[in-house]
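Understanding the architecture of this molecule
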Amino acid sequence: MQTVWVRLNAVVFFGLTVLLCLSILAALSKIGHTSRYQPHIHKLALKNMKSLKNHGGVDRALLSFDLHADMNPAFHWNIKQLFVYVVATYATPTNPKNQIVLWDRIIESSDPPNRKILKESNVFVKYGLVDQGAELRGKEVELSLMWDHMPLTGLLYMGGQKEGTASKFVLPTEYQ
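Heads up: these notes are all about the structure in this document. This one's a predicted model, so the numbers in the text were calculated from it and none came from an experiment.

Criteria and thresholds
- Residues numbered from 1 in each chain as written.
- Predicted model: local features only at pLDDT ≥ 70, side-chain atom pairs only at ≥ 80, totals over all residues.
- Heavy atoms only, no water.
- Helix = DSSP H or I, 4+ residues; strand = E, 2+ residues; numbered from the N terminus.
- Rg over C-alpha atoms; globule rule 2.2 N^0.38 Å.
- Buried < 20%, exposed > 50% of the residue type's maximum accessible area, 1.4 Å probe, protein only.
- Contact = heavy atoms within 4.5 Å.
- Areas by Shrake-Rupley, 256 points an atom, 1.4 Å probe, with all protein chains shown as cover.
- 1 Å grid on protein atoms, 1.4 Å probe; cavity = no way out; pocket = protein on both sides within 12 Å on 5 of 7 lines; lining within 4 Å.
- Points joined across faces, edges and corners; volume = space filled by probe spheres on them.
- Nonpolar A, V, L, I, M, F, W, Y, C, P; charged D, E, K, R; others polar.
- Salt bridge = Lys/Arg side-chain N within 4 Å of Asp/Glu carboxyl O.
- Lys, Arg positive; Asp, Glu negative; His and termini not counted.
- Polar contact = N/O pair within 3.5 Å; in protein donor to acceptor, adjacent residues only side chain to side chain.

Along its length, the protein chain carries 2 helices and 9 strands. A compact globule built from 176 residues should have a C-alpha radius of gyration of about 16 Å, whereas the protein chain, at 23 Å, is more than 25% larger. Along the first, second and third principal axes, the C-alpha set of the protein chain runs to 85 × 35 × 25 Å. Residue burial in the protein chain is summarised as follows: out of 176 residues, 36% are buried. Sequence-distant contacts, at least 24 apart, represent 71% of the contacts inside the protein chain between residues at least 6 apart. With the model as given, the accessible surface of the protein chain reaches about 10,700 Å², and the carbon-plus-sulfur share is 59%.

Okay, the layout of surface pockets next. The volume enclosed by the largest pocket comes to roughly 270 Å³. Along its surface, the largest pocket is lined by 14 residues, and Q99, E142, S144, Q161 and E163 are the ones closest to its centre. Ranked by residue count, the leading element in the lining of the largest pocket is strand 7 (residues 140-151), at 4 residues. Each residue belonging to the lining of the largest pocket can be placed in one class, and the counts come to 3 nonpolar, 7 polar and 4 charged. Its boundaries defined by the atoms lining it, the second largest pocket holds a volume of some 180 Å³.

Now for the pattern of salt bridges. All told, the structure shown has 5 salt bridges when counted by the stated rule. A salt bridge links R105 to E120; the shortest N-O distance between them is 2.9 Å. Linking R105 in strand 4 (residues 98-108) with E120 in strand 5 (residues 117-124), this pair joins segments that are 15 residues apart in sequence. Note on R105: relative accessible area 30%, which makes it partly exposed. Close ionic contact of E142 with K168 constitutes a salt bridge, the shortest N to O distance being 3.8 Å. With E142 in strand 7 and K168 in strand 9 (residues 167-170), the pair connects residues that are 26 residues apart, well separated along the chain. Overall, E142 belongs to the partly exposed group, its relative accessible area being 27%. Residue classification places K168 among the exposed residues on the basis of a relative accessible area of 51%. A single network of salt bridges, built from pairs that share partners, joins K43, K47 and D66.

Turning next to the side chain of K116. Within the secondary structure, K116 is located in the loop between strand 4 and strand 5. Buried K116, no salt bridge; nearest opposite-charge side chain is D111, N-O distance 7.0 Å. A polar contact is formed between the side chain of K116 and the backbone oxygen of D111, at a distance of 3.5 Å. Apart from residues lying up to four places away in sequence, K116 is in contact with A69, D70, M71, N72, F75, I107, E108, S109 and D111.

Time to look at the environment of K139. Summarising the element assignment, K139 is placed in the loop between strand 6 (129-130) and strand 7. A relative accessible area of 22% places K139 in the partly exposed class. Separated by 15 residues in the primary sequence, K139 and G154 place their C-alpha atoms 40 Å from one another. Leaving out residues up to four positions away in the same chain, K139 has contacts with A91, T92, P93, F169, V170 and L171.

The structure is reproduced here in structure tokens:
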């Protein structure tokens, strides 16, 4: 009494169930990888302060930095790419915690191992350090490297530089 369509339906959904189970097992196989295999960040520091200006009621700082980090340990068979970015963190009276992305790059798992080593000198920021008000002058800024893991299957998760290892600098008290 079973028709071809009923049998085809059973085969297709059995295949989808097997695929789902394998995807779940693949995602579970790499739990804890990020805590054991962290990228090695050798250097992330301010190189040059280009300018600090007030334009349209907001402060804008343009700067360059040096970056040397080996991102190879973050990769495993289930990672498609890493989205790596430099974040500037500072505090103002108006906003107690400000985080701004200054630079980013996507590293593919198919890239050769030497492309997964970020060795940049005097990198000019892609996105300026802009405050909502005129409160940037004289503030202490912390530069840290962060990354988002983008797996083939499973959950997205973030990684970042260990607490206390980020570089800090103080912005000038006068506009330049």
